[in-house]
Structures are given as structure tokens and as C-alpha cells.
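# Reading the structure
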Amino acid sequence: MSDKICPLGLEQLEALTERFPTPFHLYDEKGIRENARRLKAAFAWNPGFKEYFAVKAAPNPFLMKILKQEGFGSDCSSYGELLLSEKVGVVGEDIIFTSNDTPAYEYAKAKELGAIINLDDISHIQYLEDEVGLPELVCCRYNPGPLKAGNAIIGHPEEAKYGFTREQLFEGYRILRDKGIRRFGLHTMVASNELDVTYFLETAQMLFDLVGELSSKLGIGFEFVNLGGGIGIPYKPEDQAVDLSALGEGVRKLYEERIIGKGIHPLDIRMECGRMVTGPFGYLVSRVLHKKKTYKQYVGLDACMANLMRPGMYGAYHHITVAGKEDAPCELVCDVTGSLCENNDKFAIDRAIPPVDVGDLVVIHDAGAHGHSMGFNYNAKLRSAELLLREDGEVVQIRRAETVEDYFATLDFEGLQSFEA
Ligand SMILES: *Cc1c(COP(=O)(O)O)cnc(C)c1O
């Protein structure tokens, strides 16, 4: 009924659950690689093009290693993400460190790794210089405020905590220039889960024009513009994926007009997408534990919001299929729930799915970004395993499931013995 299909069918999934009990996240390596190649191909006209994978979307070193092999760098925003990137061997200017409200030790680690540091605020120029010293190359994050309409997920730019205003940007690059910095980049990130190509073309145009103005006004040169992440994915069956070649082609036209035309090329195009890189290629596989009928019908899974919080947190749509019943009519309207003691622990509300039986395997689609990574331990729930379907059909575990020992690891039960309550 839907073209959202899990690469493993009922029998293969059942066999897998004998090795790895549900729930688990399953990633499709072939899908991830092919998609990565499509993105690169769309920008092949720009020799310096680079995508920095937004690590927060799926911070698993096996996935990061696959993406490294495809030529992607890392977009990190914290100390832990920098360490992960280092462990995968993505270092130096293959990292862009886009943080906000940043502590000095994070800047120090970014500088030690030779990462591109992307400043979130004009006051961070002095902070960075005082705390760790300025690097050779500096990037600043632009927040266009009311000059650019936001989109539904990230909100209006003027309400967002990120980035420099336009005036601060001119002032910031001037200060950096006067401090002797000679290598510059410009960044923005104004949309999330955006499916409209036009939105990204407007962003590119805005940055290209700004690079032109900054260059001529301040007499500085830019090495790159980073268009940010935010390419959406078709979560709903009726959504259309972003046409990457149309995006690449549209940016190329603008580049010819506004960069080559002004004699300020070469300029590298950079992006830092997370969601579109792994999102559609991750599946949360879970089993039906209970069915319940009260004022509504409920289907209770053995996964919960701790495994995928997007539906509970933002009311986000994630498509749900039932293994072996992919073509069955969707005649059961129900809430699909987890077991947290929170009524928003629901993967779907009033969703029509095929009539299910207890024990059926349910696949929640598009869970490959901001899925496992947003996991948490509320209600003493444990994060699930992550599995990778290799291109040869083999399935390997790339992160084990948490155990109750992991949950207790930060507690001191010996101290409890002698603790007088
Ligand atoms: C989250 C984030 C990204 C990735 O966003 P997606 O919507 O997953 O593409 C990129 N850059 C920054 C600074 C982010 O915070």
C-alpha cells in the first residue's frame, strides 16, 4: 500500500530477532551509500564541495566510517562529538565545529584537532582568543533574522538563539581581519526538515550576495560558504523527497551569476546535513506486546519514546508498516504506543494500520536520524541496539543494547550500604 519498504521482510526479520531481541534500530548501508553519492554528484560541478555529516543525527562510529569513506566530513557541536569524530579518523578541516553557548574546553579540543571553528556570536571572537587562541581559519554563523522566513520546525530566525546579526557579521569579520586572520568561511543554518528546493536556493543566494558584500567592503576573501543542513525527508508517504540534482543545478546557476560573475571564485560549497543522510535508511523494529480497547484502540509495542522521541516530542509523523502485512488494507485505526508513564509516548495517533496480532513485528520508518541518538533513560528504559545491514546482506551489531548494569553504572550502591537515611 505504501512505497516505504523495509529492506528485510518478515522471515528475515524474524530470523534476526533470534540473534537480537526487539526493539532494535536497523540501518541500510546500501541506501546510505547510494544517497551519499547522489548528494556528491549533485555538486560535482564545485570541486571544493564537501558535506559534513551532522553527527548528532546518528552518532555511531560505524555509520561515520561509512560516510568518511564516501568523502564526508563531520559537523560536530560538542566535545563528545569531536572525540567520536577523532576516533573515526575524521580530523582537521574535515570537521566543522558548529556549537553555541560553547565552553572553552570544547573550543580547545576543536582547535587541537585542527577543526574549522564556526563562531556562534561576536563575543566569541574575544573568548576564543583569550581561552585557546584564534585558529588560522574562522567561520561565522549568520542569523538573517527577519530577512528570511523560517520554516515550521526551526521557527523564525529572529526567535532562534543562533548566529550573528547582519551588522555583527560585518563587525566580526572586520575584527578578525584586524587580528590577522586571513582565511574565512561563512555559514548559516535556517531551516530543518525542509522539502522545498527553493528555500535552499534562496539561502544560497543570500550567502553568495553576502560573501560579495563582505569581500568588497572588508577586502577579505572567502574560501567557502556553508549552506547548513536542513534538507528534509519524505516522512509521509505523500511527501516528495528533495530533488538533489535540481538543488545542485540551481545552486550552480546562482554561483555562476553571483560568484563567478563578481570575480570572487573559487568558493567552495559546503553543507552539513544530518537528517537526509541517514534518516530514510534507519528502521526501528519492534514487536506488538499488547492490544487494548477502551475509549480508543491501542497497539502497545516493546519500543517506547526512549527509542524514538520525535513523535512524542514534536508530533512528528513516522510511517508504520507491519512485517508480512505490507499489502494488507489499513483497517485498524489506533494509537500505537510505548510503555512510558507519559501519555505522549505514542508513535502514532489515530493511525490506520493493517489489523495486527500480538507478536507481530512492526517497522517504524525514517528513524535513521534523530532516532536512537535522542534516546534517554526516563522510566529506567534502556536504549536499544543498533544493527547494520551490510551491502552483502549480512547484519552486524554496531551498538549493543543497554543493560540494567549500564543504567546503574553511575550509582554508588556500596556507598548506599553505609548511608544513614
Ligand atoms: C542539527 C544541525 C544540522 C543538521 O540538521 P539536519 O536537519 O539534520 O540536516 C546541521 N548544522 C547544525 C548547526 C545543526 O544544529
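Owing to the predicted nature of the structure, the values given are computational and were not obtained by experimental measurement.

### Examining the pattern of salt bridges
Side chains that carry opposite charge are capable of pairing whenever their charged atoms lie near each other. Here the structure, examined in full by the defined rule, presents 34 salt bridges. The salt bridge partner of R270 is D268, with a shortest N-O separation of 3.0 Å. Several salt bridges converge on common partners, so that one network encompasses E29, R33, R37, K40, E70, R390 and E391.

### Observations concerning the packing of helix α2 (residues 29–42) against helix α3 (residues 61–69)
Look at α2 against α3: their axes get within 10 Å of each other, and the N-to-C directions meet at 35°. Crossing hand, α2 versus α3: right-handed. When α2 is examined against α3, the residues E29, I32 and R33 are found in contact with a partner set consisting of L63, I66, L67 and Q69.

### Some thoughts on α3
In an α-helix there are 3.6 residues to a turn, and that puts residues three or four apart on one side. Listed in full, the buried residues belonging to α3 are L63, M64, I66 and L67. Projected down its long axis, α3 shows its buried positions confined to an angular sector of 155°, all on one face. What points out from α3, more than 90 degrees from its buried face, is the exposed set K65 and Q69. The backbone nitrogen of F62 lies 2.8 Å from a side-chain oxygen of the residue at the head of α3, namely N60. Where α3 ends, the next residue or the one after it, G71, has phi of about 95°, a positive value.

### Focus on the packing of aromatic side chains
This model, assessed by the stated rule, comprises 13 aromatic pairs. Residues Y79 and Y105 carry aromatic rings whose centres are separated by 5.4 Å and whose planes lie at 65° to one another, so their mutual orientation is edge-to-face. Here Y105 lies in helix α5 (residues 104–112) and Y79 lies in helix α4 (residues 79–88), a separation of 26 residues in the sequence. On the accessibility criterion, Y79 (32% relative accessible area) is partly exposed.

### Description of the domain arrangement of the protein
Domain assignment breaks the protein into domain 1 (43–273) and domain 2 (280–408). On the domain 2 side, the residues contacting the 14 residues of domain 1 number 15 residues. Summed over both sides, the interface between domain 1 and domain 2 buries roughly 1300 Å², with carbon and sulfur atoms accounting for 64% of that surface. Sorting the residues of domain 1 by area buried against domain 2 places A57, N60 and Y235 first, and these three jointly supply 41% of that buried surface.

### Details of the layout of surface pockets
One number sums up the size of the second largest pocket: a volume of about 550 Å³. Lining the second largest pocket are 24 residues, and of these K4, P234, A241, P280 and D366 lie nearest its centre.

### Quick notes on empty space enclosed by the protein
Inspection of the entire model under this criterion finds two cavities of 30 Å³ or more. What the second largest cavity holds in volume is close to 40 Å³. In terms of lining, the second largest cavity is formed by F53, M64, L67, K68, F72, G73, S74 and V90. Those elements giving two or more residues to the lining of the second largest cavity turn out to be α3 and β3 (73–76). The dominant element in the lining of the second largest cavity, judged by the number of residues it contributes, is α3, at three residues. Considered class by class, the residues forming the lining of the second largest cavity number five nonpolar, two polar and one charged.

### Things to note about the state of the cysteines
Tallying each qualifying case throughout the model produces zero disulfides. No disulfide involves C330; its sulfur sits 9.8 Å from the nearest other cysteine sulfur, which is in C334.

### What about the packing of helix α7 (residues 166–178) against helix α8 (residues 197–218)?
Closest axis-to-axis distance for the α7/α8 pair is 11 Å, and the angle between their directions is 45°. Relative to α8, α7 is oriented oblique. Read as a crossing pair, α7 and α8 show a hand that is right-handed. Seen from α7, the contacting residues are R166, L169, F170, Y173, R174 and R177; seen from α8, they are L210, E213, L214, K217 and L218. The residue inventory of the contact of α7 with α8, partitioned by class, reads six nonpolar, no polar and five charged.

### Comments concerning the site of the ligand
As a matter of local geometry, the ligand sits amid 14 residues, with K56, G230, E272, G274 and R275 nearest to it. Contacts to the ligand include S192, whose side-chain N or O atom sits 3.3 Å from an oxygen atom. Within the backbone of G230, an N or O atom sits 2.8 Å from an oxygen atom of the ligand. Notes on the ligand: free accessible area 390 Å², of which the protein chains cover 89%. Here the shell around the ligand is composed, by residue class, of three nonpolar, six polar and five charged.

So, how was this worked out
Residues numbered from 1 in each chain as written. Predicted model: local features only at pLDDT ≥ 70, side-chain atom pairs only at ≥ 80, totals over all residues. Heavy atoms only, no water. Salt bridge = Lys/Arg side-chain N within 4 Å of Asp/Glu carboxyl O. Axes fitted to C-alpha atoms, helices over the stretch in contact; angles between N-to-C directions. Helix = DSSP H or I, 4+ residues; strand = E, 2+ residues; numbered from the N terminus. Left-handed = near helix turned anticlockwise from the far one by under 90°. Contact = heavy atoms within 4.5 Å. Buried < 20%, exposed > 50% of the residue type's maximum accessible area, 1.4 Å probe, protein only. Arc of directions from axis to C-beta. Polar contact = N/O pair within 3.5 Å; in protein donor to acceptor, adjacent residues only side chain to side chain. Phe/Tyr/Trp six-rings, centres within 6.5 Å; stacked < 30°, edge-to-face > 60°. Domains from an automatic or database assignment. Buried area = accessible area lost by both parts, 1.4 Å probe. 1 Å grid on protein atoms, 1.4 Å probe; cavity = no way out; pocket = protein on both sides within 12 Å on 5 of 7 lines; lining within 4 Å. Points joined across faces, edges and corners; volume = space filled by probe spheres on them. Nonpolar A, V, L, I, M, F, W, Y, C, P; charged D, E, K, R; others polar. Disulfide = S-S within 2.5 Å. Parallel < 35°, antiparallel > 145°, perpendicular 65-115°, else oblique. Near = heavy atom within 4 Å. Areas by Shrake-Rupley, 256 points an atom, 1.4 Å probe, with all protein chains shown as cover.

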